[in-house]
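If you want the building blocks of each chain, they are given just below.
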Amino acid sequence: MAEKIKADLAVTDNPEAVGLGDAFNKIQAVRDFVYHDAVTQAYQRVFDKQPVFLQACDIHNGFVQGNWHRDCANKGLNKGEDWDESAHKYRNYKLMIYLECDDYSFCVKPRTNHKKLANDLDDYFTVSVEDAAKTDFSKIEKPVQFIPKPGDAVMFDLRTTHRGQGLNAEQFSKRASNKLTLSYVFAERNPHAHRFHSYRTLLKQGYTPLNEAEKKRLNDNGLWWDALDGNYFDVHKDELQNVVLK
């Protein structure tokens, strides 16, 4: 898969780019891989029913997002509709797949999709992705540093505070010499999913609508939702005040 993506990156408009947004629209191998058994098995560990694919799909080729951040539309803890689960649970998750990595870690602040972490310093609890599946994180009150291997994957709530970090101190912020990741965002069909899809693909720059053939293919595999054809914020303009476009 890594070779296919790199070959396709080489013929894009910007082959030297370290980050590629809307990769699902731009690379055939990425469109095909969303139906792979490995991807299906990954999201089935989180969702009881078939989720919807929210088109958000990125490739990072050597790029490290080194600043702590959230991927949801409402970035501030408990500020905005992303944090209101009175009517619908927030079930928007990113699946991040590590195709290549040898000097990179993925860091998260546990439970920050609900509350602030008690120990907010960069004093990590470090664990491999493989061992993480056997680890109880319920009482860990400091950031967790996952060390992935090629073929590993992690899946997390978009409201969770996270960042990437090169293991070489000289590459701390933005670069890792050998890191290739592919991510897809899946969700339950509810207003939180519709809000994020409109935020990511209509409000932010760099995305184009899926063509009808791709939507049909997704729909045939249970991964599309017709509600996504409309802009959530056309009806919920008042919610724009809590959206952070960065």
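Everything discussed here concerns the structure shown above.
Residues numbered from 1 in each chain as written. Predicted model: local features only at pLDDT ≥ 70, side-chain atom pairs only at ≥ 80, totals over all residues. Heavy atoms only, no water.

Participant: Just checking my understanding: could you explain the pattern of salt bridges for this structure?
Facilitator: In a structure, side chains of opposite charge can pair up when their charged atoms sit close to one another. Enumeration according to the criterion identifies 16 salt bridges in this entry. A salt bridge links glutamate 85 to arginine 159; the nearest nitrogen and oxygen atoms lie 3.6 Å apart. With glutamate 85 in the loop between strand S2 (52–63) and strand S3 (92–101) and arginine 159 in the loop between strand S7 (153–157) and strand S8 (162–166), the pair connects residues that are 74 residues apart, well separated along the chain. Arginine 159 sits in the buried class, given a relative accessible area of 1%. We note a salt bridge from arginine 159 to aspartate 157, for which the minimum N-O separation is 2.9 Å. When sorted by exposure, arginine 159 lands in the same class as aspartate 157, which is buried. Each of Asp82, Arg195 and Glu239 takes part in a single network of salt bridges with overlapping partners. (Salt bridge = Lys/Arg side-chain N within 4 Å of Asp/Glu carboxyl O. Helix = DSSP H or I, 4+ residues; strand = E, 2+ residues; numbered from the N terminus. Buried < 20%, exposed > 50% of the residue type's maximum accessible area, 1.4 Å probe, protein only.)

Participant: Just checking my understanding: could you explain the pairing of S3 for this structure?
Facilitator: Sheet faces and side chains relate simply in a regular strand, where the side chains alternate between the two faces. With respect to burial, S3 is a largely interior element, ten of its ten residues being buried. As judged from the five bridges shared by S3 and S7, these two strands associate in the antiparallel manner. Within the sheet, the bridge partner assigned to isoleucine 97 lies in S7 and is alanine 153. (Pairing = 2+ DSSP bridges.)

Participant: What am I meant to see in helix H7 (residues 212–220) here?
Facilitator: Taken together, the buried positions of H7 are occupied by Glu214, Lys215 and Leu218. Down the axis of H7, the buried set is contained in an arc of 100 degrees. They therefore lie on one face. For H7, the exposed residues lying more than 90 degrees away from the buried face are Glu212, Ala213, Lys216 and Asp220. Where the residues of H7 are buried, they touch helix H2 (23–26), helix H3 (28–33) and S2. For H7, the N-terminal capping position is held by asparagine 211, with its side-chain oxygen 3.1 Å away from the main-chain nitrogen of alanine 213. A positive phi of about 75 degrees marks glycine 222, the residue just after H7. (Arc of directions from axis to C-beta. Contact = heavy atoms within 4.5 Å. Polar contact = N/O pair within 3.5 Å; in protein donor to acceptor, adjacent residues only side chain to side chain.)

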